[in-house]
Amino acid sequence: MVTAIVFVKADVAQIPQVAEAIAALTGVSEVYSVTGAIDLIAMIRVSHLDEIAAVVADQLNRVPGVVSTETHIAFRAYSAHDLEAAFSLGG
């Protein structure tokens, strides 16, 4: 599993619509509206590194209202609790 964190600047008048469109993309697990210099953070989780380009460059950057993106690839996860919760089937 490869995880990327994408910082998204969006047209302020379209933030909810941009967030919903990004959240609907295959490979995007979560989208957060945040305060600060960026508007949204998208979490991307895919099987292979080359799929990050397909999600970000081919899809996310083309969502109407996306102004710019900055992508960070995660090397390692340090919180086993978060990973267990993300992949839990419940129960």
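An account of the accompanying structure is given in this report. Keep in mind the model is a prediction, meaning the values are calculated, not measured. (Residues numbered from 1 in each chain as written. Predicted model: local features only at pLDDT ≥ 70, side-chain atom pairs only at ≥ 80, totals over all residues. Heavy atoms only, no water.)

### Structural notes on the overall build of the chain
Test applied: For the purposes of this entry, the term helix denotes a DSSP run of H or I that reaches at least four residues, the term strand denotes a run of E that reaches at least two, and both are numbered from the N terminus. Here's how the labels work: a residue is buried when its accessible area is under 20% of the maximum for its type, exposed when over 50%, partly exposed in between, all with a 1.4 Å probe on protein chains only. The criterion used for residue contact is that any of the two residues' heavy atoms lie within 4.5 Å. Exposure was quantified through the Shrake-Rupley algorithm and a 1.4 Å probe, taking into account, for residues, occlusion by the shown protein chains and nothing else.
The secondary structure content of the chain amounts to three helices and four strands. Listed by position from the N terminus, the elements making up the chain come as β-α-β-β-α-β-α. A burial count over the chain gives 30% of its 91 residues as buried. Restricting to contacts in the chain with at least 6 residues of sequence separation, those with at least 24 account for 64%. For the chain, the accessible area works out to roughly 5,900 Å², and carbon and sulfur atoms hold 57% of it.

### As for the environment of P16
Secondary-structure assignment places P16 in helix α1 (residues 15–23). A residue is classified by how much of its surface remains accessible, and P16, at 49% relative accessible area, is partly exposed. Placed 17 residues apart in sequence, P16 and S33 show a C-alpha to C-alpha distance of 8.4 Å.

### Regarding the pattern of salt bridges
The following threshold applies: By convention in these notes, a salt bridge is any Lys or Arg side-chain nitrogen within 4 Å of a carboxyl oxygen on Asp or Glu.
Using the criterion set out here, one finds one salt bridge in the structure. Measuring nitrogen to oxygen at the nearest pair gives 2.7 Å for the salt bridge that ties E30 to R45. Taken as a pair, E30 in strand β2 (residues 28–33) and R45 in strand β3 (residues 40–46) lie far apart in primary sequence, 15 residues in all. The class for R45 is partly exposed, based on a relative accessible area of 25%.

### A few points about the nonpolar core
To keep things clear, this is the line we draw: In this description, a nonpolar core means a group of buried Ala, Val, Leu, Ile, Met, Phe, Trp, Tyr and Cys residues linked to one another through side-chain atoms lying within 4.5 Å.
By size, the foremost hydrophobic cluster in this structure holds 21 residues, and its most contacted members are I22, I44 and L60. At the level of elements, β1 (2–10), α1, β3 and α2 (50–56) are the ones that each hand at least two residues to this core. When neighbours within four sequence positions are excluded, L60 is seen to be in contact with V6, V8, I22, L25, A42, I44, V55, V66 and T69.

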